[in-house]
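A closer look at the structure
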Amino acid sequence: MNKYQYHIFSPYRVCPLGAHVDHQHGLVTGFAIDKGVDLWFNIREDGHVHLSSLSFDGEVDFEVTAPSQVRERHWGDYARGAKYALRKRFELSNGIDGLLQGSLPVGGLSSSAAVLIAYVMALAKANGISLQPFEVVQIASEAEREYIGLNNGLLDQACIALGKKDGLLFLDCDTNEYRIIKKHPDMPEFELGIFFSGLTRSLVNSDYNLRVYECKTAAWNMLAYTDQPLKTFDKTFLRDIPKATFDKTRIAMPQRFARRAEHFYSEYRRVRQGVTAWESGNLKLFGKLSFDSCESSIHNYECGSPELIAIYEIMRTLKGVWGGRFSGAGFKGACIAIIDPAYREEIEREVTQRYLEQFPEYEKTFKCYFVHPDNGARFV
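Residues numbered from 1 in each chain as written. Predicted model: local features only at pLDDT ≥ 70, side-chain atom pairs only at ≥ 80, totals over all residues. Heavy atoms only, no water.

**Some words on the packing of helix 1 (residues 77-87) against helix 3 (residues 133-148)**
Between helix 1 and helix 3, whose axes approach to 8 Å, the crossing angle comes to 110°. On the basis of the axis angle, helix 1 is roughly perpendicular to helix 3. Crossing handedness for the pair helix 1 and helix 3: right-handed. Residues D77, Y78, R80, G81, A82, Y84, A85 and L86 of helix 1 lie in contact with helix 3, whose contacting residues are I139, E142, A143, E144, E146, Y147 and I148. Of the residues in the contact of helix 1 with helix 3, the class split is nine nonpolar, one polar and five charged. (Axes fitted to C-alpha atoms, helices over the stretch in contact; angles between N-to-C directions. Helix = DSSP H or I, 4+ residues; strand = E, 2+ residues; numbered from the N terminus. Parallel < 35°, antiparallel > 145°, perpendicular 65-115°, else oblique. Left-handed = near helix turned anticlockwise from the far one by under 90°. Contact = heavy atoms within 4.5 Å. Nonpolar A, V, L, I, M, F, W, Y, C, P; charged D, E, K, R; others polar.)

**Things to note about the packing of aromatic side chains**
In total, this model carries 21 aromatic pairs according to the counting rule given. The interplanar angle of 20° and the centroid separation of 5.2 Å between the aromatic rings of F246 and Y265 together place this pair among those described as stacked. With a gap of 19 residues between them, F246 in helix 6 (residues 243-249) and Y265 in helix 7 (residues 255-279) connect regions that are remote in the sequence. Neither residue differs from the other here; F246 and Y265 are each classed as buried. A centroid spacing of 5.3 Å and a plane angle of 35° characterise the contact between Y355 and F359, whose relative ring orientation is tilted. Given the relative accessible area of 0%, Y355 is considered buried. Residue classification places F359 among the buried positions, given a relative accessible area of 13%. Taken together, F31, F190, W278 and F286 form an aromatic cluster joined through their ring pairs. (Phe/Tyr/Trp six-rings, centres within 6.5 Å; stacked < 30°, edge-to-face > 60°. Buried < 20%, exposed > 50% of the residue type's maximum accessible area, 1.4 Å probe, protein only.)

**A closer look at the environment of H74**
Tracing the sequence through the fold places H74 in the loop between strand 4 (60-63) and helix 1. Note on H74: relative accessible area 30%, which makes it partly exposed. Separated by 15 residues in the primary sequence, H74 and E59 place their C-alpha atoms 9.9 Å from one another.

**Thoughts on helix 1**
With eight of 11 residues buried, helix 1 lies mostly within the body of the structure. Among all positions of helix 1, only D77, A79, R80, G81, A82, K83, A85 and L86 are buried. The elements touched by buried residues of helix 1 are strand 3 (48-53), strand 4, helix 2 (111-126) and helix 3.

**Section: the environment of G30**
Structurally, G30 can be placed in strand 2 (residues 27-44). Through-space distance from the C-alpha of G30 to that of V49 is 32 Å; in sequence the pair is 19 residues apart. Apart from residues lying up to four places away in sequence, G30 is in contact with V14, C15, P16, C159, L168 and L169.

Structure representation (structure tokens):
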């Protein structure tokens, strides 16, 4: 990598509490972790972007000065998405020669957001654009929504850009206010276990966007039943509707919409309780709330493949696991667990053995990893 002048590390992320609510302007928590995406690059003054990858096949070539064309459904879309969102704000004239590598081949850790943030930072650097970390979050999120076509909130990008190794990110997706809550001195040591089901996924092709629309439909139902004016779908969020309105109207709306709203309001409460638990060093309560979050993901949000649910149910029974849940959108991908490092080997052995007894077809692709919180995306 010595032939490259610049090196960006953009971490993956995990979200212990605050699942599936960022797109409804809810409250979320998260960590950046010490595995992620490396982007090495040099600046090109001819406006050309050339990218190769140690993780994906093929190469990517385009001009920063040309308008973004339609998506090609190829890994280069993320670099073109970064160009698209940056060009809405700035004039770009310089390109990059870059090499990309990801460190974990695992769904559910927001690798796409990590890649996007790396490209936004690299193209900004190449063009002398100075960005604050939260501006990077907003630009990368816009690229994913408007160019890639995933109706996400800010959770993934915020964890990746703002995370700190010694604290928990707490973000309000309505006001965009955030803070890092330092680890309490009395809190026991912990690691993050990542149990990859072996099943890969694409969020754009999953039910992710459908769940977003169901949440908005639940909000529309509540507004209509209480004779309040409706807003356009893109301006409709569950966060804007008091829980008292939900309590009054839930019986009238179709149950699938009521369950989506129930997840939102109960997750809001869990994040509030979880932040208090974290602030006081109560990892046991924080972990229990993470387990409860996953229960709601299964029964109210109705995500989770049989494989992920099996891993979650195994985790719940193991000594040394404080808590955990599906990671990411929860349709395939991985589960995360907050674990006591003293039990690491026992946990890995039990999860592996019991999971593969149920799903022997994933023997070659199932993986366990153990990681730690880390600082957010940065130049190395």
